Amino acid sequence: MPAGYICQRLCYHRISYSKFDLNENTSKSNIGAVAALLVVQAAFGTFPVIAKSALAYISSTALVGFRVGITAVVFYLFQRSRGDIFLKQQEDYVRLAILSLFGVTFNQLLFVGGLSLTTASNTSLLAVTIPIFALFIGLYLGAEKLHASKVVGVVLAAAGVILLIDPRNASFSNQTTLGDLMIVANSLSYGIYVVTSKETIMRNGAVRSMTWIFLFAAAICVPLGLFAMARVQITELPIEVWAAILHAGLVATAVPYLLNAWALARVNPSMVAVFIYLQPLIGFVMAVVFLGEHIGSNFILAAAAIFLGVFLVTKGRAAPRN
């Protein structure tokens, strides 16, 4: 048998096995990203409930300062324990500084500030705009491709959230207008961050990228938080408030932001964004488990719509790996 033929067959089998391994690894990565995004939404979903006790004693700006500062310290210490903290390209420092504005600084200040000025129903209802913003920004920048299943999935999941919350419970009055606008601006800011951060995060790694994003954000949020705390008697704050602050920084920020960045490097931005629709669903489930609330027909229909919508967006849409 000619040596050239043998070499050709060996190369053919090697390419075939490589394709198989790549597809298998991509599938496993996609499953891991889905699991990570579920944890992200569960962690983010605990913040509004836990933050209530803290906001009764300190301002939203002070809470954001604590939240961002704690997370920045955690990321810095963790990345230093892993090795080098410096970025691969000098230009990435500027990119991550800009991303920190949209992904953390504006996002946190607008969300927590808006939450203090509007109702919980309004906040949950307006949160459905995040994946919509992310999808259209991605289409505009060329980071997303328009698929019918993706559009149907986003719309279906949004409809499920609206059914779950019931717009009749929302109160868009003059008293909540400023807070409502802040929540919408927060959604736009986070949508920009999700779509534009992928390339830089992939190049530098999730932990290193998030370390610098939070260090840049802390340079703004921590001084603002300290200024807001100037009128607060720190010694008079109950232990429950400090526990809520630690929870906000660790469980509701550091863990989900890290997992979110890890997942973003493996799947499309619209897939990361659409998982936000699970947050109100998780909140209702927690209310049933811990508060004994009743599950009605609306909840079942809404849950089915949300899960079907997420499935349509996520199926077969893993991002290409470098």
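Computed from a predicted model, the values in this text were never measured in an experiment.

**What to know about helix α11 (residues 239-264)**
Consideration 1: Given a rise of 1.5 Å per residue, 26 residues ought to cover 38 Å, and the 36 Å separating the end C-alpha atoms of α11 matches this to within 8%.
Consideration 2: Along α11, the sharpest kink reaches roughly 35°, centred on H247.

**Concerning a nonpolar patch on the surface**
Consideration 1: A contiguous nonpolar surface patch, about 290 Å² in accessible area, is contributed by V74, L246, L250 and V251.
Consideration 2: Per-element accounting of the nonpolar patch gives the leading share, 3 residues, to α11.
Consideration 3: Mapped onto the elements of the fold, L246 is located in helix α11.

**Describing the environment of F78**
Consideration 1: Structurally, F78 can be placed in helix α3 (residues 60-82).
Consideration 2: Here F78 falls in the partly exposed class, since its relative accessible area comes to 40%.
Consideration 3: As a C-alpha pair, F78 and R208 span 130 residues in sequence and 9.3 Å in three-dimensional space.

**Considerations on the side chain of S60**
Consideration 1: Relative to the assigned elements, S60 resides in helix α3.
Consideration 2: For S60, the residues in contact, after removing those within four places along its chain, are L55, V112, G113 and S116.

**Regarding the nonpolar core**
Consideration 1: In this structure, L63 and Y277 are the most contacted members of the largest nonpolar core, which totals 66 residues.
Consideration 2: Look past the residues within four positions of Y277 in its chain and what remains in contact with it is V128, P131, I132, V154, A157, A158, V161 and I306.

**So, the packing of helix α6 (residues 129-141) against helix α8 (residues 177-196)**
Consideration 1: Where α6 meets α8, the closest approach of the two axes is 8 Å, and the angle between their N-to-C directions is 45°. The orientation of α6 with respect to α8, classified from their angle, is oblique. In this structure, α6 crosses over α8, and the sense of that crossing is right-handed. In this structure, α6 uses T129, I130, F133, A134, I137, G138 and L141 to contact α8, whose residues at the interface are V184, S187, L188, Y190, G191, I192, V195 and T196.
Consideration 2: Each residue belonging to the contact of α6 with α8 can be placed in one class, and the counts come to 10 nonpolar, 5 polar and no charged.

**Looking at the environment of K198**
Consideration 1: Looking at the secondary structure, you find K198 in helix α9 (residues 198-204).
Consideration 2: Put simply, K198 and A265 are 67 residues apart on the chain and 6.0 Å apart in space, counted from C-alpha to C-alpha.
Consideration 3: A distance of 2.7 Å separates the side chain of K198 from the backbone oxygen of L264, its partner in a polar contact.

**With respect to the side chain of T200**
Consideration 1: In this structure, T200 sits in helix α9.
Consideration 2: According to the relative accessible area criterion, T200 is buried, its value standing at 4%.
Consideration 3: Among residues more than four places away in sequence, those in contact with T200 are D92, R95, L96, L99 and S209.

**Points about helix α4 (residues 91-115)**
Consideration 1: Under the 1.5 Å per step criterion, the end-to-end length of α4 is 35 Å for 25 residues, consistent within 8% with the ideal 36 Å.
Consideration 2: L101 marks where α4 bends most, by close to 40°.

**Things to note about the packing of aromatic side chains**
Consideration 1: Inspection of every chain in the model, using the stated rule, returns 9 aromatic pairs.
Consideration 2: Seen from their ring centres, F44 and Y257 are 5.7 Å apart, and the 90° between their planes marks the pair as edge-to-face. A residue pair is termed long-range when its members are at least 10 positions apart, and F44 in helix α1 (residues 3-45) and Y257 in helix α11 qualify at 213 residues. The two residues F44 and Y257 agree in class, both being buried.
Consideration 3: Centre to centre, the rings of Y190 and Y193 are 5.8 Å apart; their planes meet at 40°, and the pair counts as tilted. Placement of the pair is Y190 and Y193 together in helix α8, with a separation of 3 residues, close to one helical turn.

How each quantity is defined
- Residues numbered from 1 in each chain as written.
- Predicted model: local features only at pLDDT ≥ 70, side-chain atom pairs only at ≥ 80, totals over all residues.
- Heavy atoms only, no water.
- Helix = DSSP H or I, 4+ residues; strand = E, 2+ residues; numbered from the N terminus.
- Expected span 1.5 Å × (residues − 1).
- Bend = angle between axes of the 7 residues up to and from the residue.
- Patch = residues over 30% accessible without salt bridge, like charges linked within 9 Å, V, L, I, M, F, W, Y side chains within 5 Å.
- Areas by Shrake-Rupley, 256 points an atom, 1.4 Å probe, with all protein chains shown as cover.
- Salt bridge = Lys/Arg side-chain N within 4 Å of Asp/Glu carboxyl O.
- Buried < 20%, exposed > 50% of the residue type's maximum accessible area, 1.4 Å probe, protein only.
- Contact = heavy atoms within 4.5 Å.
- Core = buried A, V, L, I, M, F, W, Y, C linked by side-chain atoms within 4.5 Å.
- Axes fitted to C-alpha atoms, helices over the stretch in contact; angles between N-to-C directions.
- Parallel < 35°, antiparallel > 145°, perpendicular 65-115°, else oblique.
- Left-handed = near helix turned anticlockwise from the far one by under 90°.
- Nonpolar A, V, L, I, M, F, W, Y, C, P; charged D, E, K, R; others polar.
- Polar contact = N/O pair within 3.5 Å; in protein donor to acceptor, adjacent residues only side chain to side chain.
- Phe/Tyr/Trp six-rings, centres within 6.5 Å; stacked < 30°, edge-to-face > 60°.

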